[in-house]
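Take a look at the letters that make up each chain.
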Amino acid sequence: MDEELRWLDVVGQRRLLADGEVSPRELVEAAVERIGVLNPRLNAVIHTQFDTAVAAPGIPMLLKDSLCTEAGQPYHCGLRAARERGYVAPTDSELVVRYKRSGFAIVGRTNIPELAASVTTEPLAYGPTRNPWDVRLSPGGSSGGSAAAVASGMVAAASGNDMGGSIRIPASNCGIVGLKPTRARTTLAPDFGEFWGPFTHQHVLSRTLRDCAAILDETAGPSPGDPYCAPPGERAWALEVDAPPGRLRIGYRTAIPGGGEAHPHVREAVMSAVELLDALGHHVTRTDVRPLDDEQHRESSGYLFAGAVARDVARWSRLLGADITGELEAPNAYMASIGARLAAPDWLGHLEVLQAWTRRMARIWEHLDVLVLPVLPEPPVRIGESTPGDTGRLTVFTVPFNITGEPAISLPLHLSSEGLPIGVQVVAPIGREDRIFRLAGQLERARPWAAIKPPSP
């Protein structure tokens, strides 16, 4: 296994290509070799397409098996019913079109929980994905396969989507970078305008911040017919990574919404970041962010998630030509049963609750520039020990920003005393990815993380 290529990010690979030091085919073949060596231990990649990648080589990339469809390739979304029937996607999603246009070669698809509806990646369809830092632990979900693949060095970047923390949670658990951009920063075309109501955001998981910014530059922007779009940035986000952030008003909180305190390892991660931010000259204060403790937004988002699962089940039943309700895993069957009974007026009522709550949350930006929070209230869970209640309990710091649509990133700023990565979440107002990239770039320079890697297999 070529260790230099294994840990080289996308920007670095592009420089090698530009200098003629490596060919696109060599990059793809090296990634294929790494997947062959590492995947049997981690189960991050569930479909490979090495032949097509070698035939049209570029920077090797993996796609999460949710929303990012590729014409003629398997697409199963964690469902046993789709796997057993051999479902194949009929079209490329617009993001996949943009990835290919940017020079990426798709080498395969990554594992997800059934319907992307869990904070661990343990579908019955494909089995659990394991965390490269400790294979007894989950990488998180739902972009768990993508996170494990990037963290282990199979590829430098993999696609992800985030309905309630599904980019940020695996990024935190696996010690990599995971940005949930502003809502509608990237498109859901051609199949959707919204997905799961207002909750879904799409981007990539990467090891470096510069990759995160560069790929967003290449893929951001609306597609014709999108119901709305994010406010454009003033310039390329890749330029913001090295730009000074200025002295920012930064608020932080470690108390769990609804009561209690985050796990000591999580609190230590946030407080270490807070100390660093203070040393870098920012005005840092503890803040309550009182809307986070509002029970009503959690109840309403739970009902909307149930409605989304029910809609997904109906959609897949139509695509597969049979009612798949009886083939679902128990948690999703339960959620679908609740969602199927949700009347349209109730759905709209819950949506109005979340919109009103979003307005209350937006008031925090009157006295803050950035908010620093945990990603998860506790370290990664063990494989096989997750319960249905974990999804609500473990997303209390992430779901709020799927509701508001504000950009939020998990940064790998800390290793616990047990040697496990703990991500720190940085949140900014709508449309202010520039602020996130500037501050994150400053943090990356002050506390570099690229050299911190999981144990070699």
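Just above, that's the structure.
What comes next is a walk through the structure. Chains are numbered independently. Their residues run from 1 in the order of the written sequence. Per-residue local features of the predicted model are confined to residues with pLDDT of at least 70, and side-chain atom pairs are confined, for both listing and counting, to 80 or more; whole-chain, interface and lining totals are unaffected and use all residues. Working from all heavy atoms in the structure, the side-chain values ignore hydrogens and water.

**Side note on the overall build of the chain**
- By the criteria applied, helices consist of DSSP H or I runs no shorter than four residues and strands consist of E runs no shorter than two, each listed in order from the N terminus. Along its length, the chain carries 17 helices and 11 strands.
- Taken over C-alpha atoms, the radius of gyration comes to 20 Å for the chain, in line with the 23 Å a tight globule of 457 residues would show.
- Taking the principal axes of its C-alpha atoms as reference, the chain extends roughly 55 × 55 × 45 Å.
- The classification of residues rests on relative accessible area computed with a 1.4 Å probe and restricted to protein chains. Under 20% of the type maximum is buried, over 50% is exposed, and intermediate values are partly exposed. Burial analysis of the chain (457 residues in total) assigns 62% to the buried set.
- In the chain, of all internal contacts separated by at least 6 residues, the share reaching a separation of at least 24 is 78%.
- All accessible areas in this document rest on Shrake-Rupley with a 1.4 Å probe, and a residue is counted as covered only by the protein chains that are shown. As displayed, the chain offers around 16,700 Å² of accessible surface, 52% of which is attributable to carbon and sulfur atoms. We compute the radius of gyration over the C-alpha atoms and compare it with the globule rule, which gives 2.2 Å times the number of residues raised to the power 0.38. Residue contacts are counted whenever heavy atoms from the two residues lie within 4.5 Å of one another.

**Quick look at the packing of aromatic side chains**
- Two rings from Phe, Tyr or Trp (for Trp, the six-membered ring) form a pair when their centres are within 6.5 Å of each other. A pair whose planes differ by under 30 degrees is stacked, one over 60 is edge-to-face, and the rest are tilted. For the coordinates displayed, the defined rule picks out seven aromatic pairs.
- When the ring of Y75 is compared with that of W316, the centres are 5.5 Å apart and the planes differ by 35°; the resulting orientation is tilted. You can see Y75 sitting in the loop between β2 (59–64) and α5 (80–84) and its partner W316 sitting in helix α12 (residues 295–320), a full 241 residues away along the chain. For the pair formed by Y75 and W316, the shared burial category is buried.
- With centroids separated by 6.3 Å and ring planes inclined at 25°, the aromatic side chains of F195 and W196 adopt a geometry described as stacked. Taken as a pair, F195 and W196 share a single burial class, namely buried.
- Here the aromatic residues F192, F195, W196, F199 and F305 are joined through ring pairs into a cluster of three or more.

**Thoughts on the pattern of salt bridges**
- Whenever a carboxyl oxygen of Asp or Glu lies within 4 Å of a side-chain nitrogen of Lys or Arg, that contact is scored as a salt bridge. Counted under the stated rule, the structure contains 28 salt bridges.
- A salt bridge links E218 to R14; the shortest N-O distance between them is 2.7 Å. Residue E218 is found in helix α9 (residues 209–219), and its partner R14 is found in helix α2 (residues 10–18); the two are separated by 204 residues along the sequence.
- By relative accessible area, R14 is classed as partly exposed at 22%.
- Here D65 ties to R109 by a salt bridge, and the two come within 2.6 Å at their closest N and O atoms. With D65 in the loop between β2 and α5 and R109 in strand β3 (residues 104–110), this pair connects stretches of sequence that are 44 residues apart.
- A cluster of three or more residues bridged by salt bridges with shared partners is formed by R235, E240, R432, D434 and R438.

**Side note on the nonpolar core**
- Among the buried residues, those of types Ala, Val, Leu, Ile, Met, Phe, Trp, Tyr and Cys that are joined through side-chain atoms within 4.5 Å form a nonpolar core. If you look at the biggest cluster of nonpolar residues, it comprises 45 residues, and the most contacted ones within it are W196, F199, W316, I324 and L371.
- Of all the secondary structure elements, the ones that give two or more residues to this core are α5, α12, α14 (344–362), β9 (370–374) and α16 (399–404).
- When residues in this core are grouped by element, the largest group, seven residues, is from α12.
- Excluding residues that lie within four positions of it along the chain, F199 makes contacts with D162, M163, S301, L304, F305, L354, N402 and I403.
- Of all hydrophobic cores here, the second largest spans 36 residues; its members include L179, I409, L411 and A440.

**Some details on the side chain of R168**
- By the secondary structure assignment, R168 is in helix α8 (residues 168–174).
- Setting aside residues no more than four positions away along its own chain, R168 makes contact with D162, G178, K180, V375, T398, F401, N402, A408, I409, S410 and Q425.

**Describing helix α17 (residues 433–446)**
- The span expected for a helix works out to 1.5 Å for each residue beyond the first. For α17, spanning 14 residues, the distance from its first C-alpha to its last is 20 Å, which sits close to the expected 20 Å at 1.5 Å a residue.
- Taking burial as the measure, the 14 residues of α17 include 11 buried ones, the bulk of the element.
- Taken together, the buried positions of α17 are E433, D434, R435, I436, F437, L439, A440, G441, Q442, L443 and E444.

**Section: the pairing of strand β5 (residues 177–180)**
- Of the two faces of β5, both are covered, the one formed by V177 and L179 as well as the one formed by G178 and K180.
- DSSP bridges decide pairing: two strands pair if at least two such bridges lie between them. By the bridge criterion, two bridges tie β5 to strand β6 (residues 201–206) in an arrangement that is antiparallel. The partner of G178 across the bridge, within β6, is L205.
- Note that β5 and strand β10 (residues 408–415) share three bridges and pair antiparallel.

**Some words on helix α13 (residues 330–340)**
- What α13 keeps buried is the set N332, A336 and G339. One side of α13 holds all its buried residues, which, seen down the axis, span an arc of 65°. The exposed set on the far side of α13, more than 90 degrees from its buried face, consists of A330 and Y334.
- Structurally, α13 contributes buried residues whose contacts are with α12. For this quantity, the arc is that covered by the directions from the helix axis to the C-beta atoms.

**A word on the environment of R98**
- With respect to the secondary-structure elements, R98 resides in helix α6 (residues 94–101).
- The class of R98 is buried, set by a relative accessible area of 8%.
- Along the primary structure R98 and A220 are separated by 122 residues, whereas in three dimensions their C-alpha atoms are 9.1 Å apart.
- Once residues within four sequence positions are removed from consideration, R98 is found in contact with T187, E218, T219, A220, G221, P222 and S223.

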